[in-house]
Structures are given as structure tokens and as C-alpha cells.
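# Fold and contact review
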Amino acid sequence: RLIMRITDPTEGNIVYRQKDGTEVDVAALSKSQLRTYHSEVRMIFQDPFASLNPRMTVKQIVGDPLYVNKLASGRELEDRVAELLDMVGLEADMMDRYPHAFSGGQRQRIGIARALALNPRAAPPRIELHLHFARYFGGALFLRSCRRDAPGQGGRGGGSEQDLHGARPPL
């Protein structure tokens, strides 16, 4: 929530390296600067059951970032949603269905498609995917390996951010 600036920090810095290599403090970004930042860094929610609006179709859910940012509408939006669904291993004809019609894994894929809609540079690393499915993305997403209730961690978990090949993420 802090990284995405959904919640404003009370102190400290959140440093993000932009495409051009300059570092910015996310906590100090204006609303217009946050809009650009949000198109580069996207949220993938842990709980696919709670993160999808049950009153929206998959086309509306995945296409919402494109519509809100005025990047696509009409047939162009539908084509982009079909492409995103294909990227995550779902059929394009599923876009008119509602979230309740999908399994938990399929819902997770819908959330991933939504996060990828704006071609982000990064997605927060706290996602749970099977390794074979994560490889499908060619290392574009980063995974966090966490131990729950690790000794000396006070239940916060440990681990480090890394991509599928062991490199550090570019954040």
C-alpha cells in the first residue's frame, strides 16, 4: 500500500528508479506524477477472490486501466483485453464472464492481466504463482520467497526479492 501510495507514509522515503535512471521519492510525488508512476508500477493482489469486482465482467476488469487512462475504447479495448487474456493463458471468449465463473488460479491470472494492461516496468513482488506459470512471463514478474514466522523475524517473514534467474529486480 505504501509503495503504490494508496496509503501515504508518515515519514521516510520510497525511492523508485524511473526509466531514464533517475531516482524519485514516491512519497513526494504530486497527483499528476503519481498517475505516471501508477502506469509503470502495478499492483497484483494476493487474494484473487476479494480483488475482483463480482459485478464486472472480465473485459471490464482487465480493460479498466486502459479505459481510465484513455488508452483504448471500443473494439481496440476488446482486442487488447483478448491479447492480455491470451498472455496469461485464458481464452478470449472468457471476457464476457463474471469472476464467480472462474477458479482461484484463473482469477489470479485475471488479476495479472489487469496489472499488465498498461505495460508496467514493475509489479510488486508479493504474488503467489507456480514457478512453471511464472516462467511463462519470461522473468517479467518478480517473486518474493518468504518464510512465515521465521525465527527472530517476529512473524514478519524473511526472504529476498529476486527474479526467476536470481537477479535483483530493477526497482
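Above: the structure in question.
Owing to the predicted nature of the structure, the values given are computational and were not obtained by experimental measurement. (Residues numbered from 1 in each chain as written. Predicted model: local features only at pLDDT ≥ 70, side-chain atom pairs only at ≥ 80, totals over all residues. Heavy atoms only, no water.)

### Looking at the pattern of salt bridges
Counted according to the given criterion, the structure contains 7 salt bridges. In this structure, arginine 17 and glutamate 23 form a salt bridge, with 3.7 Å as the shortest nitrogen-oxygen distance. The exposure class of arginine 17 is partly exposed, given its relative accessible area of 34%. Salt-bridge contacts for lysine 59 lead to glutamate 78; the nearest nitrogen and oxygen are separated by 3.4 Å. Separated by 19 residues along the polypeptide, lysine 59 in helix 2 (residues 58-68) and glutamate 78 in helix 3 (residues 74-87) bring together distant segments of the chain. With relative accessibility at 27%, the residue glutamate 78 sits in the partly exposed group. If you follow the salt bridges from partner to partner, you end up with Lys59, Arg75, Glu78, Asp79 and Asp96 in one network. (Salt bridge = Lys/Arg side-chain N within 4 Å of Asp/Glu carboxyl O. Buried < 20%, exposed > 50% of the residue type's maximum accessible area, 1.4 Å probe, protein only. Helix = DSSP H or I, 4+ residues; strand = E, 2+ residues; numbered from the N terminus.)

### Focus on helix 4 (residues 104-116)
Taking 1.5 Å per residue as the helical rise, helix 4 with its 13 residues ought to reach 18 Å, and the 18 Å between its terminal C-alpha atoms agrees with that figure. Among the residues making up helix 4, those that are buried are Arg107, Gln108, Ile110, Gly111, Ile112, Ala113, Arg114, Ala115 and Leu116. (Expected span 1.5 Å × (residues − 1).)

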